[in-house]
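Structural overview for review
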There are 2 protein chains.
Amino acid sequence: MIECWFEFGSNYSYLSVMRIEQEAARRGVPVVWRPFLLGPIFKSQGWENSPFVLQQAKGAYVWRDMPRLCRKYGLDWHQPSQFPRRTLLPMRVALLGEDQPWMAAYCRRIMRMNFVEDREIDHPEAVGEALRELGLSADALLREAESDQTKRRLRERTAEAQERGIFGAPMFFVGEEMYWGNDRLDDALDAAAG
Amino acid sequence: MIECWFEFGSNYSYLSVMRIEQEAARRGVPVVWRPFLLGPIFKSQGWENSPFVLQQAKGAYVWRDMPRLCRKYGLDWHQPSQFPRRTLLPMRVALLGEDQPWMAAYCRRIMRMNFVEDREIDHPEAVGEALRELGLSADALLREAESDQTKRRLRERTAEAQERGIFGAPMFFVGEEMYWGNDRLDDALDAAAG
């Protein structure tokens, strides 16, 4: 079993979200999805934005690293014109879907909107489109996503991320072992399969 | 050809410095060594210390990540009791050795002192021991390392690192392509060999 903690706004989460279902299935490892918000984590470190925005040289590097990695993995890529994007609504829907069979496909669809189609994703239109494409009741899910209960659950999840020492995304857990970044996904899956 | 920009104080540089000569030779790729100082780079980003010290959660992670990676690569590991260590003298000697046949072995020896033997490395005793083990004239090299010319060259090298957009270590260049971190060493070598 592998826990996948991720954020739709995180470009390295994009790589892992696109890859994990297939890579985990290949090893017979179940995926436990753990959507959480990165913004409050960064804020608690004193950062008002992504480190890729705040640290100019690192940011410049990241946008050269991403197309190279996407080529390696055979993934599409378009550098978002807005980074990081607001992700509150699709993250809340992800919370509703985390134990559902449509979760992986939903996450890939939202990630594509952000990192391939360069679309705003914090809108009922975009999220509804993703849900309808999967044959789901978009209106009911969007309503539930905006409920006080879902909002509170996402805050609690993010607090849990902080308590577990998560400082970035994606983050993977295999038991108590923590693995940071898409660069560790294969090691984490191997550990989970072993 | 691959350029290897590294620092003896950097734990992820340790992994790459230990691996690069063999991995590059296997692919027929010449290694160009580029020792530089990380401290001034961090300072220019407003950091008075390593991000692994300044960011507590990330720091805690790094010391769990390192033994795992060392096991994977078959490298010895002992978490340094002092981090990051001062590295000025061994870095200056590295500058003198960067085009010499003893460079790779010298770098591995200094890295072992820091990350396996938990020894201070910014001392003539430690650096002299490493040089003598390699059959070199330790006294002459240590004298040259402390010359004004060598000091100036290391400052210039570090300024060059900054101009090239280097924000951490290890950093690899293959032509104009920049690769950050031990996690990119294999991709960089593959690109250099291709």
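So, here's what we can say about the structure. (Residues numbered from 1 in each chain as written. Chains lettered and ligands numbered in written order. Predicted model: local features only at pLDDT ≥ 70, side-chain atom pairs only at ≥ 80, totals over all residues. Heavy atoms only, no water.)

1. Concerning the relation of the copies chain A and chain B
Superposing chain A onto chain B takes a rotation of 180° combined with a translation of 0.0 Å along the rotation axis, leaving an RMSD of 0.0 Å. Taken together, these values place the two copies in the relation of a two-fold axis. It is aspartate 183 of chain A whose C-alpha, among those of chain A, lies nearest the rotation axis, at 3.4 Å. In this assembly the copies share their binding face: 100% of the residues contributing to the interface of chain A also contribute to that of chain B. (Least-squares fit on C-alpha atoms with pLDDT ≥ 70 in both. Contact = heavy atoms within 4.5 Å.)

2. A short note on helix α8 (residues 138-145) of chain A
Residue and element names in this part refer to chain A. Of all the residues in α8, the buried ones are Ala138, Leu141, Leu142 and Ala145. Taken down its axis, α8 places every buried residue within 100° of arc, on the same side. Within α8, the exposed residues directed more than 90 degrees away from the buried face are Asp139 and Arg143. (Buried < 20%, exposed > 50% of the residue type's maximum accessible area, 1.4 Å probe, protein only. Helix = DSSP H or I, 4+ residues; strand = E, 2+ residues; numbered from the N terminus. Arc of directions from axis to C-beta.)

3. Regarding the interface of chain A and chain B
Listed by partner, the interface residues are 22 residues for chain A and 22 residues for chain B. For the interface between chain A and chain B, the tally reads ten salt bridges. The residue glutamate 177 of chain B makes a salt bridge to arginine 68 of chain A at a minimum N-O spacing of 2.9 Å. Along the contact surface separating chain A from chain B lie 14 residue pairs in polar contact (both at pLDDT 80 or more). Broken down by secondary-structure element, the contributors of at least two residues to the side of chain A that touches chain B are α4 (56-73) and β4 (177-180) of chain A. Here the side of chain A that touches chain B gets eight residues from one element, more than from any other, and that element is α4 of chain A. (Salt bridge = Lys/Arg side-chain N within 4 Å of Asp/Glu carboxyl O. Polar contact = N/O pair within 3.5 Å; in protein donor to acceptor, adjacent residues only side chain to side chain.)

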